[in-house]
Amino acid sequence: MRDVTAGSESVLELLPMVFADPGEARARAEDVLRSAAPPSHASVAHQVLGIWQRDFGDLRIALRHLRRARDLAARAESADREADVLATLGVALVHAGRTRQGLASFERGVARVGGHTRARVLFRRAYVWWVLGRHREALEDVRRALPVLRQAGDDIWTARALTLRATVHLAVGAVDRAVADFTAAERLWDTTGQEHDKADAVESRGLAAFRSGDIPAALRLLDEAEERYAKLGTPTYNLSIRRCEVLMAAGLAPEALAEADAAGAALDRIGGQSTRRAELLLAAARAARSAGDPHTAIARAAVAVRLFAAQRRTWWETHARLVLIEARVAAGRRSGRLVGDAAAVAERLASFGSPAAPEASLLAGRIALALGWTADAERHLAVAARGRNCGLPPARMTGWAAQALRARAAGSRRGVLEACRRGLDVLDDHRMTLGASELRAHATAQGAELAALAQEVSLAQGSPRRLLVWSERWRATVLSAPPTRPPHDPALLSGLTAYREIAARAETARMEGRPVPALEREQRRLEREIRSRTRHMGGAAAGAGDRLDVPRLLDRLGDGWLVELAVVDGRVHVLLCGQGRVRRFTGGSLADAVAEAGHVQAGLRRLAHPGAEARLPLVEAAGRRLEELLLAGAAKWLGPGPVVIVPPGALHRVPWALLPSLRERVLSVSPSAGSWLRARETEPPPEGPPVLVRGPGLATGGAEVPGLAGRYGTATVLEDDDAQVPRVLAELDGAGLAHIAAHGTFRADSPLFSALRMADGPLIVHDFERLSRSPYRIILSSCDTARLASVGADELLGLVTALLPLGTAGVVASSAPVNDAAVVPLMLALHKGLGAGLSLAEALRDARTALPGDAVHQATGWAFAAFGAA
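Along each chain, numbering runs from 1 in the same order as the chain's sequence is written. Predicted model: local features are reported for residues with pLDDT of at least 70 only, side-chain atom pairs are reported and counted for 80 or more only, and whole-chain, interface and lining totals are derived from all residues. Note that water and hydrogens are dropped before the side-chain values are worked out from all heavy atoms of the structure.

Undergrad: Just give me the short version of the overall build of the protein chain, but keep the residues and values in it.
TA: A run of H or I in DSSP becomes a helix once it reaches four residues, and a run of E becomes a strand once it reaches two; helices and strands are each numbered from the N terminus. Helix and strand counts for the protein chain stand at 39 helices and 16 strands. Atoms considered for the radius of gyration are the C-alpha atoms alone. The globule rule reads 2.2 Å times the number of residues to the power 0.38. Over its C-alpha atoms the protein chain spans a radius of gyration of 31 Å, differing by no more than 12% from the 29 Å that the globule rule assigns to 870 residues. Counting only C-alpha atoms and orienting by the principal axes, one finds that the protein chain spans roughly 100 × 70 × 45 Å. Looking at the protein chain as a whole, 58% of its 870 residues qualify as buried. By the convention used here, residues are in contact when the closest approach between their heavy atoms is within 4.5 Å. Relative to all contacts within the protein chain whose residues are 6 or more apart in sequence, the contacts with residues 24 or more apart total 70%. Between the mean site of the 111 positive side-chain charges and the mean site of the 97 negative ones, the protein chain shows a separation of 6 Å. Remark: exposure states derive from per-residue accessible area (1.4 Å probe, protein chains only) relative to the maximum for the residue type, with buried under 20%, exposed over 50%, and partly exposed in between. Positive charges come from Lys and Arg alone, negative charges from Asp and Glu alone, with His and the N- and C-terminal ends not counted. One atom stands in for each charge, and that atom is NZ of Lys, CZ of Arg, CG of Asp or CD of Glu.

Quick look at the structure:
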């Protein structure tokens, strides 16, 4: 610049510093203004403060600083200084929603100078074009700026331009080009001290990983970027928007909605960027729609549409309109106008080159089908179906969903099943790239529509065997392979240890009546850290795992029976497998069965306490009604052999032994027919002593454990200080039989933090997932240890389902609160049967019959179930 002196050079260093060390840059700029600096120096200081407020503070204050910086640059008669400030002001005006004024500021800046400074102005205008969704203009300005920046040896601005170009490429689906630019930019960032820009580069790589279909890597990189921003004291609104997108793709829509709303509230409190507020509203609307809350989605999307329109951001406004239409349809609205609106959105998105265009065409086709407009539906669905063989998994699944709907409208059952098969194959490959069982389970929700279509067609074809295959196609798929376990992750181990210690301290404080808010906050922080670490793990390989082999299943059943309950259009269909056949019976309404199961659970809770004997006839009557709803005519076809029940996720808490036709039977429960077959074929480990664990604080003191120790003689007994998590895990790994008497806690909000209380704190599901092989048979004698959370399409997460993929073939656990004293004789009788060579299901049946006939003991027996096939 023309008026640069030795002193002004140090002042100019504040501009790159605002992205390397924002807090220090702000403090030095304030020092400059306190020193009666000349106009050129004061202009730089006000510009730095304006950038800080624009990105990290109040946008209104930012505009005041930047206008002052512009006026001071004019007084200093520095064209370069004035153009630079005009560009910064233009960005701030656009973020404030004053798009016309912002673009005018850029026009003056571009016209004011040439050369290197003009290239920097063009870069910032390119950024604004990207914010506005005008991608062609953004790429053109970057194309003009990059050669000049490179020729000047300006590594910082060259890296910024490459990062921006990569981000624009991602917006239009050019992932390979984006990755190349991100890689080149990162090499340049490694040569600079721009810590904020480096964090932004990590965030951008996370976005690229997501666009490439690698969700675990995306989550890991976004978490790393957040850590970097935290060290700089930088707000992370843009990061929140990107993470919401990744969380939704991972099936974690409620979490995404919470993050978007929290970030939006924080932005409003500081008077932050209007553009970011609109983007957060759009993210919240998408998350609410995915979470099944269409009314919240409508409210958020409608405000986003208005803001984007006022900001002249047509690309963004069109995407918000798509979400608004989707939410209105989800709320039950259907009209010809909505078909037209969705078609117009699809056409506009296609003109932008947006990857969301097929989604809009699919929406238009769906609405048209609902209205009976088959010709219109075919036209829109055909457009949506074009992407079924290329692109990332969500795009291909959109294409296959459209193809399935086309086939159904054309009356081609074979076409529906083929499209559903191909679409679910795409989902399976994607699911297996995820290492965490939580993410695998949630990801299955994306296939719910395809699976439901296939079930409807199978039911219409009248083939019970085919309905069984398709019911299994999307049930308990997370159990088909164990979660990925890194060979060694010190950070995860450290987090688990710290979590256990904090949880134990909080529990002690509660028992002593001391306040625990600080401990609970730390516990939640550690939960987030553990959850993040596990989500970072990628899957071992693509592939769907085993498909159900029906002939093999029927052969393995022998003289037994497997009853799978399939739900089609809200009604239960009973698939009775046995004697070489699969038969179908029509049951009752799923909603009625869920309500009845709730009444039974309430009754069992009451019966766990003495004095509630009058409830027993009511509970038994509810059991008879459940049998009518869930077994229907199949009950009379059951032969004398053992029975395996495979319920849908919504019915996992039914106490099946309460149903009259099942009370005297050898009865086991399984999340799927496939998981039962795998358990049946699991080889037991070499014979070894059983492991008996007694946790603290039990009402009976775990009274069955000393008796069992005497029965087995050589058992490994862990109690008192020996019953600490590391020692317990070491003994459980590879054991043939384990019995754990410990308080159980089920976490409906976060099922993988469901726990058994040990001497040093909770033993959680994440701990079990670290085992090389969980015990072949495991008995959990406490309350609620069989409770599970239904997530995804029809997946179940909790203690029992964590054990089954890890080598456990059989579990005994309780799905309801139980009377501690009544548990002791049940457990002793159960182990007596095991000692006689019985299976878990056989021993549990005999143990129930050996109990006293009073209501408390009967309810205790009904509450326990045998899972698996050991």
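Next comes the rest of the write-up.
Undergrad: Kindly report on the packing of helix α11 (residues 175-189) against helix α12 (residues 195-211), identifying the contributing residues and their values.
TA: The axes used here are C-alpha line fits, helices contributing only the stretch in contact, and every angle between their N-to-C directions lies in the interval 0 to 180 degrees. Viewed as axis vectors pointing N to C, α11 and α12 meet at an angle of 160°, and their least axial separation amounts to 10 Å. What the angle tells us is that α11 and α12 run roughly antiparallel. When the axes of α11 and α12 are compared, the crossing they make is left-handed. From α11, Val-175, Val-179, Phe-182, Glu-186 and Trp-189 reach across to α12, where they touch Asp-197, Lys-198, Ala-201, Ser-204, Arg-205, Ala-208 and Arg-211. Following the grouping adopted for this structure description, the nonpolar residues are Ala, Val, Leu, Ile, Met, Phe, Trp, Tyr, Cys and Pro, the charged ones are Asp, Glu, Lys and Arg, and the polar ones are all others, Gly among them. Each residue belonging to the contact of α11 with α12 can be placed in one class, and the counts come to 6 nonpolar, 1 polar and 5 charged. The cut-offs work like this: below 35 degrees is roughly parallel, past 145 is roughly antiparallel, 65 to 115 is roughly perpendicular, and the gaps in between are oblique. If you view the pair so one helix is near and one far, a crossing is left-handed when the near helix is turned anticlockwise from the far one by less than a right angle, and right-handed when it is turned clockwise.

Undergrad: Explain unusual backbone geometry to me, using residue names and the numbers behind them.
TA: One non-glycine residue, Ala-36, lies in the positive phi region at around 55°. Tracing the sequence through the fold places Ala-36 in the loop between α3 (22-33) and α4 (39-56). A positive phi angle, near 55°, is found at Asp-569, a position not held by glycine. The topology assignment puts Asp-569 in the loop between β1 (561-568) and β2 (571-578). A relative accessible area of 75% means that Asp-569 is categorised as exposed.

Undergrad: Pulling in residues and values, what's your account of the sheet that holds strand β11 (residues 761-764)?
TA: At least two bridges found by DSSP between two strands are what make those strands a pair. Taking strand neighbours across the sheet as the criterion, the 3 strands line up as β9-β10-β11 in an open arrangement whose pairing is antiparallel. Across the chains shown, the open sheet's two edge strands, defined by having one partner strand only, are β9 (744-745) and β11. Sheet strands in contact with helix α27 (residues 490-511) are β10 (755-758) and β11, and its direction is about 130° off that of β11. Sitting on the sheet, helix α34 (residues 725-732) touches β10 and β11, and the angle it makes with β11 is about 30°.

Undergrad: Which residues make up the layout of surface pockets, and what are the values?
TA: When its volume is computed, the second largest pocket comes out at roughly 1,200 Å³. Elements supplying a minimum of two residues to the lining of the second largest pocket: α2 (14-20), α4, α6 (79-95), α8 (115-132), α10 (155-171), α12, α14 (237-249) and α15 (253-270). The greatest single-element share of the lining of the second largest pocket, amounting to 7 residues, is contributed by α8. For the lining of the second largest pocket, a count of residues per class yields 21 nonpolar, 15 polar and 13 charged. In this analysis the probe radius is 1.4 Å and the grid spacing 1 Å, with only protein atoms considered; a cavity is a set of points the probe fits into but cannot get out of, a pocket is an open set with protein on both sides within 12 Å along at least five of seven lines, and lining residues have an atom within 4 Å of a point. Grid points are joined across faces, edges and corners, and a volume is the space filled by probe spheres set on the points.

Undergrad: Run through the environment of Gly-90, naming residues and quoting values.
TA: Relative to the helices and strands, Gly-90 is located in helix α6. Since its relative accessible area comes to 0%, Gly-90 is described here as buried.

Read these as spatial facts, not as claims about activity.
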